[in-house]
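# Structural overview for review
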Amino acid sequence: MPNETGPDGRTALIATLFEDGVRANRDTLATMDAAIVTAADRLIDCLTHGGKVLSCGNGGSAGDAQHFSSELVNRFERERRALPAVALTTESSTLTAIANDYDYDRLFSRQIEALGRPGDTLLAISTSGNSGNVVQAIAAAHDAGMGVVALTGKDGGRMASILAADDIELRAVSTTTARIQEIHLLFIHCLCRLIEDHLLD
Ligand SMILES: O=C(CO)[C@@H](O)[C@H](O)[C@H](O)[C@H](O)COP(=O)(O)O
Ligand SMILES: [Zn+2]
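No experiment lies behind these values; they were computed from the predicted model shown. (Residues numbered from 1 in each chain as written. Chains lettered and ligands numbered in written order. Predicted model: local features only at pLDDT ≥ 70, side-chain atom pairs only at ≥ 80, totals over all residues.)

## Some details on the overall build of the protein chain
Rules: Helix and strand definitions here come from DSSP, where helices need a minimum of 4 consecutive H or I residues and strands a minimum of 2 consecutive E residues; each element is numbered from the N-terminal end. Between the two quantities, the radius of gyration covers C-alpha atoms and the globule rule is 2.2 Å times the number of residues to the power 0.38. Counting other C-beta atoms within 10 Å of a residue's own tells you its class, since 20 or more makes it buried, 12 or fewer makes it exposed, and anything in between is partly exposed; those C-beta atoms are placed from the backbone. By the convention adopted here, residues make contact when the C-beta atoms placed from their backbones lie within 7 Å.
When helices and strands are tallied, the protein chain shows seven helices and five strands. When the elements of the protein chain are put in sequence order from the N terminus, they spell out α-β-α-β-α-α-β-α-β-α-β-α. For 201 residues, the compact-globule estimate of 2.2 N^0.38 gives 17 Å, and the protein chain sits close to it at 18 Å. Principal-axis analysis of the C-alpha atoms places the extent of the protein chain at approximately 65 × 45 × 30 Å. Out of the 201 residues belonging to the protein chain, those deemed buried represent 40%. Long-range contacts, defined here as pairs at least 24 residues apart, represent 70% of the contacts in the protein chain between residues at least 6 apart.

## Quick look at the site of ligand 1
Heads up, the condition is: For each residue, a C-beta atom is placed from the backbone, and the residue counts as near a molecule or strand when that atom lies within 6 Å of it. Ten residue types, Ala, Val, Leu, Ile, Met, Phe, Trp, Tyr, Cys and Pro, are classed as nonpolar, four, Asp, Glu, Lys and Arg, as charged, and the remainder, Gly among them, as polar.
Taken together, 13 residues sit near ligand 1, with G59, G60, S126, T127 and S128 positioned nearest. Among the elements that make up the shell around ligand 1, the one with the highest residue count is helix α7 (residues 177-200) (three residues). In terms of residue class, the shell around ligand 1 is made up of two nonpolar, eleven polar and no charged.

## Here we look at helix α1 (residues 10-48)
Our working rule: Here, expected helix span is obtained from the residue count minus one, scaled by 1.5 Å. A residue's bend is the angle separating two fitted axes: one through the seven residues that end there, the other through the seven that start there.
Compared with an ideal rise of 1.5 Å per residue, which puts 39 residues at 57 Å, α1 spans 48 Å between its outermost C-alpha atoms and falls more than 12% short. Within α1, the axis deviates most sharply at M32, by approximately 65°. Those residues of α1 not exposed but buried are A24, T28, M32, A39, A40, L43, C46 and L47. Of the surrounding secondary structure, the elements contacted by the buried residues of α1 are β1 (53-56), β3 (121-125), β4 (147-152), β5 (168-171) and α7.

## Some details on the UniProt feature "binding site: substrate" (unreviewed entry) in the protein chain
Rules: UniProt positions are given in the numbering used here, feature names are shortened, and annotations may be inferred rather than shown by experiment.
The positions UniProt marks with the feature "binding site: substrate" (unreviewed entry) are N58, G59, G60, E71, N100, D101, S126, T127, S128, S131 and Q181. Across 124 residues in sequence, these annotated residues place their C-alpha atoms as far as 32.1 Å from one another, rather than forming a single compact spot. Within the secondary structure, S128 is located in the loop between β3 and α5 (132-143). When sequence neighbours within four positions are dropped, the list of residues in contact with S128 reads G153, K154 and G157. The topology assignment puts Q181 in helix α7. If we skip the residues at most four places from it in the chain, Q181 touches G60, S61, D64 and T127.

## A word on the sheet that holds strand β2 (residues 85-87)
Note the threshold: DSSP calls a pair of strands paired once it identifies at least 2 bridges connecting them. What counts as an axis is a line fitted to C-alpha atoms, over the stretch in contact for a helix, and the angles between N-to-C directions run from 0 to 180 degrees.
Taken in spatial order, the five strands line up as β2-β1-β3-β4-β5 in an open sheet, and their pairing is parallel. In this open sheet, the two edge strands, each paired with only one partner strand, are β2 and β5. Taking the axes of each pair of neighbouring strands and ignoring which way they run, one obtains an average angle of 15° across the sheet. Here three bridges tie β1 to β2, and the two strands are oriented parallel to one another. Following the sheet pairing, L54 is matched in β2 by V86. The strands touched by helix α2 (residues 60-73) are β1, β2 and β3; relative to β2, the strand with the most contacts, the crossing angle is about 160°. Each of β1, β3 and β4 touches α5; the most contacted strand, β3, lies at about 165° to it.

Structure (structure tokens):
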């Protein structure tokens, strides 16, 4: 007769994963609440002065970059004007050509050279902070006169060390990629909510 945790302990594992998520969320809130407000203010300033937001990341973070841009271009929770945002993870011809002709690490920086303008903001997403193409994207954003909001985890990696003084790092307090990704989505939803509230209230 299976007990409450199941014959193979899977419900116990699920409980552990949820508890890890709750702890990581709480620890991140304790250190990042003010920085989330600062990041939202930076994005609001960008968007209300004619700037756009470019976003990038790999794997699950590519999905996060697209999730964010869709919520700006379309809407988050309330009716409002469309906002300019472009995820640099979606143009398959451009992506394959850059990776093929140059290098995978140039994937986002080349697009930023083409599209980035002073006053724009880069949303750079990496759970390790060490993805070479995201690191190079930050350098390209600096060269283009853009600000950077970086979503990181673990120890912030190389991204944390190359951010400029007025860039903003939102670091998830966890060493597990999946938990960090879950917190990144919470960061993104907090930012969308604060942007929308500013525009509508
Ligand atoms: O979604 C996951 C793991 O949950 C993976 O696809 C993960 O995003 C990929 O391994 C990425 O390449 C990791 O890159 P990064 O977060 O360290 O920048
Ligand atoms: Zn969403």
